[in-house]
Amino acid sequence: RLQEVLDDVRDRVEDGANLSEAMKQHESVFGELAVSMVRAGSEGGFLEDSLARIAQFTEQQEDLKSRTLGALAYPIFLAVVGAVVVFGLLIFFVPNFGQIFEQMRDEGQLPAITEWLMWTSETLQKYGIFIALAFCAAFIYGRNRLATPSGRRWADGWKIRLPIMGNIFLSLAVARFCRVLGTLLHNGVPILRSLEISQDAAGNRVLSEAVEQAAENITSGDSLATPLSSSGHFPNTVVEMIAVAEESNTLDSVLVDIADGLEKQTSRRLDLAVRLLEPIMLLILSGIVLFVVIALLLPIFKMSSTI
């Protein structure tokens, strides 16, 4: 597939298209960041440096992704096995107690927790296929909805508001924006043009809109730090460092330093979040199994005390 994509890119460049325009036709392969960096490098005369930075950034992202997936392997395994066990209990094991609890159920003496468990089991037995089809339809609809600009913006806004993981997503997006903007400024690209390119490199529509608003304010003579601060999406420390860098005329180098610091901080947060996920999954699965066991034992204890 990559060979076919590169052949098409080469053909488009031979026909007179810019490299960035040719790559944009295959954005699912190269990504927004690579296309933006190549466009900036072509315009600013530092294409070689841009490609080297894209390679370095891609390697860092793949390393982070592989470490995250490796750490998530056990929690995902727990989630899958736990889901199979729970659904197996509800569909095949719990119904066997229906006849035992039938008399108590008719007399209205069945505990509420057991009544709810039996109702859930019966619902899954009767309508399980329809529920699964409904989930599949909702998944397909959601995926198509997220492919639209409004859906993408909603998802990006939702991601940065998540507990724990929201700060990680936000820090990664801010780091990407700062790294690309610092690289562009370092290579002499005007700040307005740099903001236009780097807003797409953030990979988050909410941040892109905040950067676009900042560019409009800069056009009217404002500084970069002020509109970024008013957007509420950029950390205060980042805004303060940008403000100091603007005063000292060292914005390009400070932005790259901010990106380095955010990526290191995000890596530590991600490791901690993944480590916390494993005991959380164990507690959730244990709680579900405990709920099923208690719901089944309560009527038995009640019948024993009655006898």
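In this text the structure is predicted, and so the values were computed from the model without any measurement.

**Describing the overall build of the protein**
Phase 1 of the analysis: A count of helices and strands for the protein gives 13 helices and zero strands.
Phase 2 of the analysis: Each helix and strand of the protein, ordered N terminal to C terminal, gives the series α-α-α-α-α-α-α-α-α-α-α-α-α.
Phase 3 of the analysis: Here the protein has a C-alpha radius of gyration of 27 Å; the compact-globule value for 307 residues is 19 Å, and the former is much larger.
Phase 4 of the analysis: Referenced to the eigenvectors of the C-alpha coordinate spread, the extents of the protein come out at roughly 90 × 45 × 35 Å.
Phase 5 of the analysis: Split into buried and exposed, the 307 residues of the protein put 34% on the buried side.
Phase 6 of the analysis: For the protein, the accessible surface area stands at approximately 18,100 Å², while carbon and sulfur atoms represent 61% of it.
Phase 7 of the analysis: For the protein, the distance from the average site of its 25 positive side-chain charges to the average site of its 36 negative ones is 5 Å.

**Digging into the nonpolar core**
Phase 1 of the analysis: Judged by nonpolar contacts, the single largest core of 32 residues is most densely connected at L224, F234 and I242.
Phase 2 of the analysis: Counting only elements with at least two residues in this core, the list comes to helix 8 (165-186), helix 10 (205-219), helix 11 (225-231), helix 12 (236-248) and helix 13 (251-306).
Phase 3 of the analysis: Of the residues forming this core, the biggest block, eight residues, is contributed by helix 8.
Phase 4 of the analysis: In this structure I242 touches L224, A225, L228, L251, L255 and I258, once residues within four positions along its chain are discounted.
Phase 5 of the analysis: Judged by nonpolar contacts, the second largest core, of 15 residues, contains F57, V180, V189 and A201.

**A look at the pattern of salt bridges**
Phase 1 of the analysis: Going through the model one piece at a time under the given rule, you end up with ten salt bridges.
Phase 2 of the analysis: A network of salt bridges, in which partner residues are shared, links D7, R10 and D11.

**Points about the confidence of the model for the protein**
Phase 1 of the analysis: Overall, the predicted model of the protein reaches an average pLDDT of 83, with 99% of residues at or above 70.
Phase 2 of the analysis: At the low end of the mean pLDDT range in the protein sits helix 5 (residues 102-106), at 73; at the high end sits helix 1 (residues 2-14), at 93.

**What to know about helix 12**
Phase 1 of the analysis: An ideal rise of 1.5 Å per residue puts 18 Å on 13 residues; helix 12 measures up with 18 Å between its terminal C-alpha atoms.
Phase 2 of the analysis: Listed in full, the buried residues belonging to helix 12 are V238, V239, I242 and A245. Taken down its axis, helix 12 places every buried residue within 125 degrees of arc, on the same side. Turned more than 90 degrees from where helix 12 packs its buried face, N236, T237, E240, V244 and E247 sit exposed.

**Side note on the packing of helix 7 (residues 149-159) against helix 10**
Phase 1 of the analysis: It is the contact of helix 7 with helix 10, at a shortest axis distance of 7 Å, that shows an interaxial angle of 95 degrees. Overall, the two elements helix 7 and helix 10 adopt an arrangement that is roughly perpendicular. Of the residues in helix 10, those in contact with P149, R152, R153, D156 and G157 of helix 7 are R205, V206 and E209.
Phase 2 of the analysis: Classifying every residue of the contact of helix 7 with helix 10 by side-chain character gives two nonpolar, one polar and five charged.

**Brief notes about the packing of aromatic side chains**
Phase 1 of the analysis: Taken as a whole and assessed by the stated rule, the structure comprises three aromatic pairs.
Phase 2 of the analysis: An angle of 75 degrees between the planes, with centres 5.6 Å apart, marks the rings of W116 and F291 as edge-to-face. You can see W116 sitting in helix 6 (residues 112-146) and its partner F291 sitting in helix 13, a full 175 residues away along the chain.
Phase 3 of the analysis: Take W116: its relative accessible area is 47%, and that puts it in the partly exposed class.
Phase 4 of the analysis: For F291, a relative accessible area of 28% puts it in the partly exposed group.
Phase 5 of the analysis: Consider the rings of F177 and F234, whose centres lie 5.7 Å apart with planes at 70 degrees: the pair is edge-to-face. Of this pair, F177 sits in helix 8 while F234 sits in the loop between helix 11 and helix 12, and the two are 57 residues apart along the sequence.

**Some points on the packing of helix 8 against helix 9 (residues 191-201)**
When two helices pack together, their arrangement is given by the angle between the helix axes and by the axis-to-axis distance.
Phase 1 of the analysis: For the pair helix 8 and helix 9, the least separation of the axes is 9 Å and the interaxial angle reads 150 degrees. The angle between helix 8 and helix 9 places the two elements in the roughly antiparallel class. In this structure, helix 8 meets helix 9 at a crossing whose hand is right-handed. In contact with R176, F177, V180, L181, L184 and L185 of helix 8, helix 9 contributes I191, S194, L195, I197, S198 and A201.
Phase 2 of the analysis: Each residue belonging to the contact of helix 8 with helix 9 can be placed in one class, and the counts come to nine nonpolar, two polar and one charged.

**A short note on the side chain of S50**
Phase 1 of the analysis: Structurally, S50 is set in helix 4 (residues 47-93).
Phase 2 of the analysis: The contact partners of S50, leaving out residues within four places of it in the chain, are M37 and G41.

**Re a nonpolar patch on the surface**
Phase 1 of the analysis: A surface patch of nonpolar side chains, amounting to about 690 Å² of accessible area, comprises Y127, I129, F130, I131, L133 and F135.
Phase 2 of the analysis: With a relative accessible area of 60%, F135 lands in the exposed category.

Conventions used here
Residues numbered from 1 in each chain as written. Predicted model: local features only at pLDDT ≥ 70, side-chain atom pairs only at ≥ 80, totals over all residues. Heavy atoms only, no water. Helix = DSSP H or I, 4+ residues; strand = E, 2+ residues; numbered from the N terminus. Rg over C-alpha atoms; globule rule 2.2 N^0.38 Å. Buried < 20%, exposed > 50% of the residue type's maximum accessible area, 1.4 Å probe, protein only. Areas by Shrake-Rupley, 256 points an atom, 1.4 Å probe, with all protein chains shown as cover. Lys, Arg positive; Asp, Glu negative; His and termini not counted. Charge placed at Lys NZ, Arg CZ, Asp CG, Glu CD. Core = buried A, V, L, I, M, F, W, Y, C linked by side-chain atoms within 4.5 Å. Contact = heavy atoms within 4.5 Å. Salt bridge = Lys/Arg side-chain N within 4 Å of Asp/Glu carboxyl O. pLDDT = per-residue confidence, 0-100. Expected span 1.5 Å × (residues − 1). Arc of directions from axis to C-beta. Axes fitted to C-alpha atoms, helices over the stretch in contact; angles between N-to-C directions. Parallel < 35°, antiparallel > 145°, perpendicular 65-115°, else oblique. Nonpolar A, V, L, I, M, F, W, Y, C, P; charged D, E, K, R; others polar. Phe/Tyr/Trp six-rings, centres within 6.5 Å; stacked < 30°, edge-to-face > 60°. Left-handed = near helix turned anticlockwise from the far one by under 90°. Patch = residues over 30% accessible without salt bridge, like charges linked within 9 Å, V, L, I, M, F, W, Y side chains within 5 Å.

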